[in-house]
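Analysis of the macromolecular model
Chain by chain, the residues:
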Amino acid sequence: MFLKRQTKTLSALPRGPVEYLVVGLGNPGRDYENTRHNAGFLAVDALAEKLGAKIDRLKFKSLCGDAMIGEHRVLLMKPSTFMNNSGEAVRDAMQFHKIPIEQVLVLFDDVSLDVGRLRIRRQGSDGGHNGIKSIIYLTGKDTFPRVKIGVGKKPRPDYDLAAWVLGKFPVDQAETLDKVFDTAARAAMLIVDGKIDLAMNRYNS
C-alpha cells in the first residue's frame, strides 16, 4: 500500500456484542492492490489504522478485525469472495451476529465521482456496482448506509469499464487518496455513532 499511515486514535479493547458491520469492498490478492475497485478495502484499512485495529482474522469469507467506535463494537470486514460475491460475506456475518441491514455500513468505489470526492447515502439501488448488487440480492434489502469513494470517470466513453476499475491508482494521486480515505474513515466513525446527518453535511461533496 503506497498510501501514508494514518494517525492512530486507539480505541478501547472490543467488548460486548458486535453491533455494526463496516464492510470495505474490493478484490483479494496482490494483483488487485491499489486498484480503483479496491477503494473500499483501502478505506477500511485507513479506519483500522485510526482505531489501532488489525484486520487479520479469517471469518465469514472475509479478513476481519474488531474495534470500538464510541460505545459500539464493530466488525471491520474485507470480503475475500471477490467483488461479485461480496453479499455472501455480509449475509453470513449478519446472520451470525444478528445484525439488521441498517447497521451494515459499506464503503466502495464510485466511477461517477472524481478522485477525492465522497458521497454518503442512507440507502439506495446498486447503481450498477456488482458488489452492492450482490449484497442487495443476498440480503433482500437496500436499506443500508454506504460511503461512495470517487475513483474517477473512464477517460473516454469506449474505454472498457472493467479495465478502468481494475487499473491501479496513479502514484501522483497518492496525496489526494490519503485525504479521501482519511475522510471516509472519519465519516464511517460518525455514521456508526448515529450521526449520519452530520457525516453527510460535513463530507458529501
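Residues numbered from 1 in each chain as written. Predicted model: local features only at pLDDT ≥ 70, side-chain atom pairs only at ≥ 80, totals over all residues. Heavy atoms only, no water.

Counting 37 residues, the largest nonpolar core has Val22, Leu76, Leu105, Leu107, Val147, Ile149 and Phe181 as its most contacted members. The dominant element in this core, judged by the number of residues it contributes, is helix H5 (residues 174–192), at ten residues. Once residues lying within four places of it in the same chain are set aside, the contact partners of Val22 are Val44, Leu47, Val74, Leu75, Leu76, Met77, Leu105, Leu107 and Val192. In terms of nonpolar packing, the next biggest core, distinct from the first, is built from 22 residues, Leu21, Ala93, Ile136 and Phe144 among them. (Core = buried A, V, L, I, M, F, W, Y, C linked by side-chain atoms within 4.5 Å. Buried < 20%, exposed > 50% of the residue type's maximum accessible area, 1.4 Å probe, protein only. Helix = DSSP H or I, 4+ residues; strand = E, 2+ residues; numbered from the N terminus. Contact = heavy atoms within 4.5 Å.)

Reading across the sheet, the seven strands line up as E2-E3-E4-E1-E5-E7-E6 and stay open at both edges, with mixed pairing between neighbours. Each end of this open sheet is capped by a strand with a single partner; those strands are strand E2 (57–59) and strand E6 (118–121). Averaged over all neighbouring strand pairs, the angle between strand axes comes to 30°, with direction disregarded. As paired elements, E2 and strand E3 (residues 62–69) share three bridges and run antiparallel to each other. If you follow Lys59 over to E3, its bridge partner there is Ser62. Strands strand E1 (20–24), E3, strand E4 (72–79), strand E5 (104–110) and strand E7 (146–150) of the sheet are contacted by helix H1 (residues 39–51), whose axis makes an angle of about 145° with E4. (Pairing = 2+ DSSP bridges. Axes fitted to C-alpha atoms, helices over the stretch in contact; angles between N-to-C directions.)

Topologically, Lys78 is positioned in strand E4. Engagement of the side chain of Lys78 in a polar contact is seen with the side chain of Asp45, the distance being 3.0 Å. (Polar contact = N/O pair within 3.5 Å; in protein donor to acceptor, adjacent residues only side chain to side chain.)

Let's shift gears to the packing of H5 against helix H6 (residues 196–203). Between H5 and H6, whose axes approach to 7 Å, the crossing angle comes to 155°. Taken as axis vectors, H5 and H6 run roughly antiparallel relative to one another. Handedness of the H5/H6 crossing: right-handed. Listed contacts from H6 to Thr183, Arg186, Ala187, Leu190 and Ile191 of H5 are Ile196, Leu198, Ala199, Arg202 and Tyr203. For the contact of H5 with H6, the per-class residue count stands at seven nonpolar, one polar and two charged. (Parallel < 35°, antiparallel > 145°, perpendicular 65-115°, else oblique. Left-handed = near helix turned anticlockwise from the far one by under 90°. Nonpolar A, V, L, I, M, F, W, Y, C, P; charged D, E, K, R; others polar.)

As a further point, take the confidence of the model for the protein. Any segment with low pLDDT has predicted coordinates that should not be analysed in fine detail. Mean pLDDT for the protein: 93, with 94% of residues reaching 70 or above. Mean pLDDT across the elements of the protein bottoms out in helix H4 (residues 161–165) (92) and peaks in E1 (98). (pLDDT = per-residue confidence, 0-100.)

Here we take up the environment of Ile101. Positionally, Ile101 belongs in the loop between helix H2 (86–97) and E5. Residue Ile101 is classed as buried on the basis of its relative accessible area of 4%. Once the C-alpha coordinates of Ile101 and Val90 are considered, the two residues, eleven residues apart in sequence, prove to be 9.4 Å apart. With sequence-adjacent residues up to four places away left out, Ile101 is seen in contact with Met94, Thr139, Lys141, Thr143, Phe144 and Pro145.

In this section: the side chain of Asn27. Following the sequence through the fold, Asn27 ends up in the loop between E1 and H1. A polar contact is formed between the side chain of Asn27 and the backbone nitrogen of Met83, at a distance of 2.8 Å. Excluding anything up to four places from it in sequence, Asn27 contacts Tyr32, His37, Asn38, Phe41, Phe82, Met83 and Leu166.

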